Amino acid sequence: RRGRLGQEGRASLCSFLLGASVAALPLLLGSSPSLLAAPGLRGRLALALHVAGVNAALLLIYPRPLYKIAIRACFLGFAFGCGLLLSTGRSAWRHFGWYMCSLSLFHYSEYLVTAINNPRSLSLDSFLLNHSFEYNLAALSSWVEFTLEKLFFPELKQITWLSTVGLLMVIFGDCLRKAAMLTAGSNFNHIVQNEKSDTHTLVTSGVYGWFRHPSYVGWFYWSIGTQVLLCNPICVVGYALASWRFFRERIEEEEITLIHFFGEEYLEYKRKVPSGLPFIKGVKLEL
């Protein structure tokens, strides 16, 4: 039921928080919050024991179907907690910690909002961890660029005002996307639907009154914002071009389906409300 967490959602939330509890390790050890950036084996050993202990607990608590959900949510929570640890203090990896928090929270919240909003479409794919080969390659490329530029041009990775702008883009983009998911309710699905269900309605209120595709607008600016946050000049350009091309094609494909579903109602909506993405007008109809 919409608005109520089912068993899968509750298991994911508990597991995410359990993984994120790694951020409390410095308090337990009585050490610096910059646990990951500090030299020495004590912190590393504590992290390894935390991972092993949490995984053992999940195996004992959840049967295999729920364990598959729990371990993914826990991994994202652990990444979020590690991001918090890197973000504290004056570590040279502070901005990468912001990025880790942003990335892990984005993927986990995709699953959680789907669990609340449209539990019938909920699956392991709702985490979007296996979105596509291109998506994973883009993420890997950003990590490689950040590491190499940090090694050869360390001052480039310490532009706090620029990373702050990127963080604001990330927050705006993710909030817009989640607002779109919540507004659309059961009409939202990670997979473009080719058949209209009995409950499928055209949503034009809320953020859909600002943009026709607010979830794509949010994801577009979120993805670029992650690279501004990391001060990755090459990936900023690469992400902008790749994301723009992907969403242009995705919007055209989706709008053909929406016109088929809703006919003149959607065409009227299309005339009044912009797509929200620069230089993307959607599918062109030949008269």
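What counts, and at which threshold
Residues numbered from 1 in each chain as written. Predicted model: local features only at pLDDT ≥ 70, side-chain atom pairs only at ≥ 80, totals over all residues. Heavy atoms only, no water. UniProt positions renumbered as here; feature names shortened; annotations may be inferred. Axes fitted to C-alpha atoms, helices over the stretch in contact; angles between N-to-C directions. Helix = DSSP H or I, 4+ residues; strand = E, 2+ residues; numbered from the N terminus. Parallel < 35°, antiparallel > 145°, perpendicular 65-115°, else oblique. Contact = heavy atoms within 4.5 Å. Nonpolar A, V, L, I, M, F, W, Y, C, P; charged D, E, K, R; others polar. Expected span 1.5 Å × (residues − 1). Buried < 20%, exposed > 50% of the residue type's maximum accessible area, 1.4 Å probe, protein only. Disulfide = S-S within 2.5 Å. Salt bridge = Lys/Arg side-chain N within 4 Å of Asp/Glu carboxyl O. Polar contact = N/O pair within 3.5 Å; in protein donor to acceptor, adjacent residues only side chain to side chain.

The chain goes by Protein-S-isoprenylcysteine O-methyltransferase in an unreviewed UniProt entry, where it is assigned to Rhadina sibilatrix. What the UniProt record of the chain gives under Catalytic activity (unreviewed entry) is the line "[protein]-C-terminal S-[(2E,6E)-farnesyl]-L-cysteine + S-adenosyl-L-methionine = [protein]-C-terminal S-[(2E,6E)-farnesyl]-L-cysteine methyl ester + S-adenosyl-L-homocysteine". The chain has a UniProt comment under Subcellular location (unreviewed entry) that states "Endoplasmic reticulum membrane".

Visitor: Could you clarify how one ought to interpret the packing of helix α9 (residues 233–262) against helix α10 (residues 264–272) in this entry?
Guide: What describes two packed helices is the angle between their axes and the distance between those same axes. Closest axis-to-axis distance for the α9/α10 pair is 6 Å, and the angle between their directions is 130 degrees. Accordingly, the angle class assigned to the pair α9 and α10 is oblique. In this structure, α9 contributes Glu255, Leu258, Ile259 and Phe262 to the contact, and α10 contributes Glu264, Glu265, Tyr266, Leu267 and Lys270. Class assignment for the residues of the contact of α9 with α10 results in 5 nonpolar, no polar and 4 charged.

Visitor: When you look at helix α5 (residues 94–117) in this model, what are you seeing that I'm missing?
Guide: Taking 1.5 Å per residue, 24 residues should reach 34 Å; α5 reaches 34 Å between its end C-alpha atoms and fits that length. Across the 24 residues that make up α5, a large majority, 21, are buried.

Visitor: What is the right way to look at the state of the cysteines in this model?
Guide: One pass over the structure, following the stated rule, counts 0 disulfides. For Cys101, which is in no disulfide, the shortest distance to another cysteine sulfur is to Cys82 and amounts to 9.4 Å. Since its relative accessible area comes to 11%, Cys101 is described here as buried. Cys231 supplies the cysteine sulfur nearest to Cys235, a cysteine that is in no disulfide, at a spacing of 12 Å. Residue classification places Cys235 among the buried residues on the basis of a relative accessible area of 7%.

Visitor: How should I be thinking about the UniProt feature "transmembrane region" (unreviewed entry) in the chain in this particular structure?
Guide: Mapped onto this numbering, the UniProt entry annotates "transmembrane region" (unreviewed entry) at residues 47–62, 69–90 and 219–242. Regarding residues 47–62, the helix share stands at 94% and the strand share at 0%, and the terminal C-alpha atoms are separated by 22 Å. End C-alpha atoms of residues 219–242 are separated by 12 Å, and the span's content is 88% helix alongside 0% strand.

Visitor: Whenever I open this one, the environment of Cys101 confuses me. Can you help?
Guide: Mapping Cys101 onto the fold places it in helix α5. For the pair Cys101 and Cys82, spaced 19 residues apart in the sequence, the C-alpha separation amounts to 8.0 Å. Ignoring sequence-local partners within four residues, the contact set of Cys101 consists of Phe80, Gly83, Leu84 and Ser87.

Visitor: What is the right way to look at the packing of helix α8 (residues 214–229) against α9 in this model?
Guide: Between α8 and α9, the shortest axis-to-axis distance is 9 Å and the interhelical angle comes to 170 degrees. Here α8 is positioned roughly antiparallel relative to α9, judged by the angle of their axes. Together, Tyr216, Trp219, Phe220, Ser223, Ile224, Thr226, Gln227 and Val228 of α8 and Cys235, Val236, Tyr239, Ala240, Ser243, Trp244, Phe247, Arg250, Ile251 and Glu254 of α9 make up the contact between the two elements. The residue makeup of the contact of α8 with α9, split by class, is 12 nonpolar, 4 polar and 2 charged.

Visitor: Got a minute to help me understand the pattern of salt bridges in this structure?
Guide: Counted by the stated rule, this structure contains 9 salt bridges. Among the ionic pairs, Glu110 bridges to Lys178, the shortest N-O distance being 2.9 Å. Of the two residues, Glu110 is situated in helix α5 and Lys178 in helix α7 (residues 160–184); the sequence distance between them amounts to 68 residues. We note that Glu110, like Lys178, is buried. Among the ionic pairs, Glu249 bridges to Arg245, the shortest N-O distance being 3.5 Å. Remark: Arg245 and Glu249 occur in helix α9; sequence separation between them is 4 residues, near one turn of the helix. Note on Glu249: relative accessible area 41%, which makes it partly exposed. Judged by relative accessible area, Arg245 falls into the exposed class, the value being 52%. A network of salt bridges, in which partner residues are shared, links Glu110, Asp174, Arg177 and Lys178.

Visitor: Whenever I open this one, the side chain of His107 confuses me. Can you help?
Guide: Checked against the element boundaries, His107 lands in helix α5. One polar contact links the side chain of His107 to the main-chain carbonyl oxygen of Phe127, over a distance of 2.9 Å. Of note is the side chain of His107, whose polar atom sits 3.5 Å from the backbone oxygen of Leu128. Setting aside residues no more than four positions away along its own chain, His107 makes contact with Leu76, Ser126, Phe127, Leu128, Leu129 and Tyr135.

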